[in-house]
Amino acid sequence: MHIDILTLFPEVFPAFLGHSILGIAQEKGLVEFHLWNIRDFTQDKHKKVDDRPFGGGPGMVLRPEPVFRAIEEVEKEVSGTVTVPPRKILLCPQGARFNQSMARELAREPRLMLLCGHYEGFDERIRQGFDFLEVSIGDYVLSGGEVPAMVIIDALVRLIPGALGDEFSTVSESFSEMLGEPPVLLEYPQYTRPREFRGMSVPEVLLSGDHEKIRKWRLEQARLRTRQRRPDLLKE
Ligand code: ADE
């Protein structure tokens, strides 16, 4: 998968993209990230990316010219085996709410472009000029699309086959219900050593070695937890 990230702050991404599952997925060649600074596509002396809104009001609005130029340039770039144009995503609080099923759908795309805004918003002609999927990561306003882009990337890359390693994928087959196939269940309680800690012990069933019994217990616990904490997930 090829992911283009268009942002005014490319420097905030490398540490995040280079570690843990995302770093390993890159090393394995499962995903490549291309960072683009929208400011590089300005043509004026002051490299101005934003301006005051027509009609007045607070804040600044992202100008259309550098964004159009950036997107058109990114679309021209082809890398390695990925020659298709990217599916374009615009991060904003007005978008469709991101969830696991959207993550599954997007994880199948060969190429994605994530457009991160900043300041008060995008000039509306940016929306008119391209066919975007507008995505929000929740009902709150962040100061930019960078953290939402990271959230989406993290959720997607772990769904690319091979990204999580063999150990996890074998387990996931028997628990697809808990790992994102609808209905999505919250995770069951997990324990590691020691068996006893400050008077709290690990449930006997997990020490039994009976894999079928353990599987059933975990599924039961996952359902119980979901019913108690997120009954809305079961309705879906
Ligand atoms: N940009 C600012 N707030 C956002 C949100 N909640 N989701 C996606 N992009 C955003």
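The numbers attached to residues start from 1 for each chain and follow its sequence in the written order. In keeping with the model being predicted, local features are shown solely for residues with a pLDDT of at least 70 and side-chain atom pairs are shown and tallied solely at 80 or more, while totals for entire chains, interfaces and linings include all residues. Side-chain measures were taken over the full set of non-hydrogen atoms in the model, leaving aside hydrogen atoms and water.

*Asks:* So, the site of the ligand: which residues are in play, and what are the values?
*Replies:* To be near a molecule or strand, a residue needs just one of its heavy atoms within 4 Å of it. The environment of the ligand is formed by L91, C92, P93, V135, S136, I137, G138, Y140, V141, L142, G144 and P148. Within the backbone of G138, an N or O atom sits 3.2 Å from a nitrogen atom of the ligand. Side-chain atoms alone can form a polar contact between residues adjacent in sequence; in general such a contact is a pair of N or O atoms within 3.5 Å, and within protein one must be able to donate a hydrogen while the other accepts it. For the ligand, a nitrogen atom lies 2.8 Å from a polar atom in the backbone of Y140. Accessible areas in this description were obtained via Shrake-Rupley with a 1.4 Å probe; residue shielding takes into account the shown protein chains only. Burial of the ligand by the protein amounts to 96% of the accessible area it has alone, namely 260 Å². Within the residue set of the shell around the ligand, elements represented by two or more residues are β5 (87–97) and β8 (132–136). Each helix is a run of DSSP H or I of at least 4 residues and each strand a run of E of at least 2, with the numbering of both proceeding from the N terminus. Examining the composition of the shell around the ligand, we find that 3 residues originate from one element, β5, more than from any other.

*Asks:* Quick one: what's the story with the pattern of salt bridges, residue by residue and with numbers?
*Replies:* Whenever a carboxyl oxygen of Asp or Glu lies within 4 Å of a side-chain nitrogen of Lys or Arg, that contact is scored as a salt bridge. All chains considered together, the criterion is met by 14 salt bridges. Note that R97 is salt-bridged to D139, the shortest N-O span being 2.8 Å. Of this pair, R97 sits in strand β5 while D139 sits in the loop between β8 and α6 (146–157), placing them 42 residues apart in sequence. R97 gets classed as partly exposed once you look at its relative accessible area, which sits at 48%. A 1.4 Å probe rolled over the protein chains alone gives each residue an accessible area, and that area as a share of the maximum for its type sets the label: buried under 20%, exposed over 50%, partly exposed in between. For D139, a relative accessible area of 64% puts it in the exposed group.

*Asks:* Can you tell me about helix α2 (residues 20–27), naming the residues and giving the values?
*Replies:* For α2, every residue scored as buried is listed here: L22, G23 and A25. Buried residues in α2, looked at end-on, bunch into an arc of 160 degrees, giving them a common side. Among the exposed residues of α2, those pointing more than 90 degrees away from its buried face are S20 and E27. Tucked inside the fold, the buried residues of α2 contact α1 (14–17) and α6. Looking one or two residues beyond α2, the residue adopting positive phi is G29, at roughly 80 degrees. The arc in question is the one spanned by the directions pointing from the helix axis to the C-beta atoms. Note on contacts: a residue pair qualifies if any of its non-hydrogen atoms lie within 4.5 Å across the two residues.

*Asks:* Explain the packing of aromatic side chains to me, and be specific about the residues and the numbers.
*Replies:* By convention, a stacked pair of Phe, Tyr or Trp rings (six-membered ring in the case of Trp) has centres within 6.5 Å and planes under 30 degrees apart, an edge-to-face pair has planes over 60 apart, and any other such pair is tilted. Throughout the structure, instances matching the rule amount to 3 aromatic pairs. Cluster of aromatic residues (ring-pair linked, three or more members): F68, F130 and F132.

*Asks:* An account of the environment of W217 is requested, with residue identities and associated values reported.
*Replies:* Of note, W217 is situated in helix α8 (residues 211–229). When the C-alpha atoms of W217 and M102 are compared, they prove to be 29 Å apart, with 115 residues separating the residues in sequence. Those residues in contact with W217, other than ones at most four positions away along the chain, are P189, Y191, P203, V205 and L206.

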